[in-house]
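# Notes for the structure review
One-letter residues, chain by chain:
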Amino acid sequence: MNDATQEQLQKLLAEPFKAGDVKWKPQIVSGNRAMAIAYTNARAVMDRLDDVLGIEGWTDKYKLLTGGSVLCSLSCSLSVDGSGDRHWTTKRDVGSPSEQPDDGDKLKAAFSDALKRAAVKFGIGRYLYRLPLQWVDYDAAKKKFLVEPQLPPWALPEDLLHTKIDAKTRADVSRWNALIESIVTPQAATQAKGEYEAELADPALKIVRRLHWDYCSKKLGYFWNKSTQEFQAQKT
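Residues numbered from 1 in each chain as written. Predicted model: local features only at pLDDT ≥ 70, side-chain atom pairs only at ≥ 80, totals over all residues. Heavy atoms only, no water.

A few words now on the pairing of strand S1 (residues 23-30). The sheet contact formed by S1 and strand S2 (residues 33-39) spans seven bridges and is antiparallel. Within S2, the position partnered with Trp 24 by the bridge is Ala 38. (Pairing = 2+ DSSP bridges. Helix = DSSP H or I, 4+ residues; strand = E, 2+ residues; numbered from the N terminus.)

This next bit is on helix H2 (residues 42-53). Between its first and last C-alpha, H2 extends 16 Å over twelve residues, near the 16 Å set by a 1.5 Å rise per residue. By the burial criterion, the buried members of H2 are Ala 42, Ala 44, Val 45, Arg 48, Leu 49, Val 52 and Leu 53. On an axial view of H2, the arc spanned by its buried residues comes to 160 degrees, and they lie on one face. Of the exposed residues in H2, the ones pointing more than 90 degrees away from its buried face are Arg 43 and Asp 51. At the N-terminal end of H2, a side-chain oxygen is found 3.2 Å from the backbone nitrogen of Arg 43, two or three residues along, and the residue is Asn 41. Within two residues after H2, Gly 54 carries a phi angle of roughly 85 degrees, on the positive side. (Expected span 1.5 Å × (residues − 1). Buried < 20%, exposed > 50% of the residue type's maximum accessible area, 1.4 Å probe, protein only. Arc of directions from axis to C-beta. Polar contact = N/O pair within 3.5 Å; in protein donor to acceptor, adjacent residues only side chain to side chain.)

In space, the four strands of this open sheet follow the order S1-S2-S6-S7, with antiparallel pairing throughout. A strand with exactly one partner marks an edge of an open sheet, and here the two such strands are S1 and strand S7 (144-145).

Let's shift gears to the pattern of salt bridges. Across all of its chains, the model carries three salt bridges by this definition. The salt bridge involving Lys 121 is made with Asp 93; its shortest N-O contact spans 3.8 Å. Here Asp 93 lies in strand S5 (residues 86-95) and Lys 121 lies in the loop between helix H3 (103-120) and strand S6 (134-139), a separation of 28 residues in the sequence. We classify Lys 121 as partly exposed; its relative accessible area is 39%. Notably, a salt bridge pairs Arg 117 with Asp 113, separated by 3.2 Å at the nearest N-O pair. In this pair, Arg 117 and Asp 113 both sit in helix H3, four residues apart, roughly one turn of the helix. The class of Arg 117 is partly exposed, set by a relative accessible area of 35%. (Salt bridge = Lys/Arg side-chain N within 4 Å of Asp/Glu carboxyl O.)

Put into structure tokens, the structure is as follows:
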């Protein structure tokens, strides 16, 4: 463990993964479209624990449960006292077996799922649950996405985000993230949607802002449609 404070360690644990460590799977398939859900694997979680806490800064224990489920007890050392003794915090969660035909693969999936779920309680990968829903083109026969789902800029690691965009674009992204999260009424969404679309007309628009629009449009579009429906209901 380095000299980082507990608060700093918690922030490092909760940092977004590299884009390559985030995988996608269909949760709902409707015709040639599917709702894409993001996830990561157990190796990425173990790498994060090693990178932030060191190989001696965490430990995991498992217990087999009835039905093929597995209980993971993940212990992390987030602080060290003056005498050098570690203070440990333990989080627990249960993983479920997969639907694979092989019993060994089912059990392996349960262990991995349990570790990932316990790690979420330390903040690792928790942001994946807050990603906006994405419906993308999907080939059900080949079981593959025809269009790769995209991560919004706020779900990219800081170093990657900062190397890909300039200061102005980064400020724009931060400003629009704050605006989107503050929207609570259809009227506010209608106004924000108009403002954002005006900015999109800028020919010098950076690619990251265009990707960010995909996220914004989903939330703004929802409220804008809701506002239109309420207006029509008032007329009738």
